[in-house]
Amino acid sequence: MANFTEDQLVQLKAALQKRYLELQHEIRDELAHTQDISADELTEYLNNIPDDIDTALIDRQINEMLELEMSMRYLSELEFGDCIDCGSEIGFERLLAYPSAQRCIQCQVQFEKAFPKESNPSL
Ligand SMILES: [Zn+2]
């Protein structure tokens, strides 16, 4: 595990949770345009993401939420802060800026070269 101080872990946890809530709000706003959906229904919806979801934006947001969920689970485990590809430290500053980051910068560059469509969606 990357060597974070207690204080850094607290900050990273807050950044993860903040980003997660932001995404929930964004998705709720998106869905509100097309359907009337309550917070409870949204939770239900997110737990049973339909296959026919056709909004690329929501797809990306849900993907990021899933990554954040994974990071939040990792936070209490030993792997947190380590790159999923090479195992080196992702870095505190990078995690704070991109709480859902799963890779160090070097591996992210390689990943984006290998999967340009998945990681570089055109807006
Ligand atoms: Zn790496």
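Treat the numbers as computed from the prediction; the structure is a model and nothing was measured.

1. Topic: the overall build of the protein chain
For the protein chain, the helix and strand inventory stands at six helices and zero strands. Start at the N end of the protein chain and walk to the C end: the helices and strands fall as α-α-α-α-α-α. With 123 residues in all, the protein chain has 13% of them scored as buried. When contacts within the protein chain are restricted to residue pairs at least 6 apart in sequence, long-range pairs at least 24 apart make up 57% of them.

2. Some thoughts on the environment of Gly 91
Assignment of secondary structure puts Gly 91 in the loop between helix 3 (56-75) and helix 4 (92-97). Taking the C-alpha atoms as reference, Gly 91 lies 9.3 Å from Asn 3; in sequence the two are 88 residues apart.

3. Side note on the nonpolar core
Core analysis: the biggest nonpolar cluster contains 10 residues, these being Leu 12, Leu 16, Leu 23, Ile 27, Met 65, Leu 68, Cys 83, Ile 90, Leu 95 and Cys 104. Of all the secondary-structure elements, those providing two or more residues to this core are helix 1 (6-34) and helix 3. Among the elements that make up this core, the one with the highest residue count is helix 1 (four residues).

4. Details of the confidence of the model for the protein chain
Of all residues in the protein chain, 72% attain a pLDDT of 70 or more, and the chain-wide mean is 80. Per-residue pLDDT, averaged within each element of the protein chain, yields its smallest value for helix 6 (residues 116-119) (60) and its largest for helix 5 (residues 105-114) (94). The low-confidence segment residues 119-123, where pLDDT is below 50, has five contacts with residues more than four positions distant or belonging to other chains.

What counts, and at which threshold
- Residues numbered from 1 in each chain as written.
- Predicted model: local features only at pLDDT ≥ 70, side-chain atom pairs only at ≥ 80, totals over all residues.
- Helix = DSSP H or I, 4+ residues; strand = E, 2+ residues; numbered from the N terminus.
- Buried ≥ 20, exposed ≤ 12 C-beta atoms within 10 Å, placed from the backbone.
- Contact = placed C-beta atoms within 7 Å.
- Core = buried A, V, L, I, M, F, W, Y, C linked by C-beta atoms within 7 Å.
- pLDDT = per-residue confidence, 0-100.

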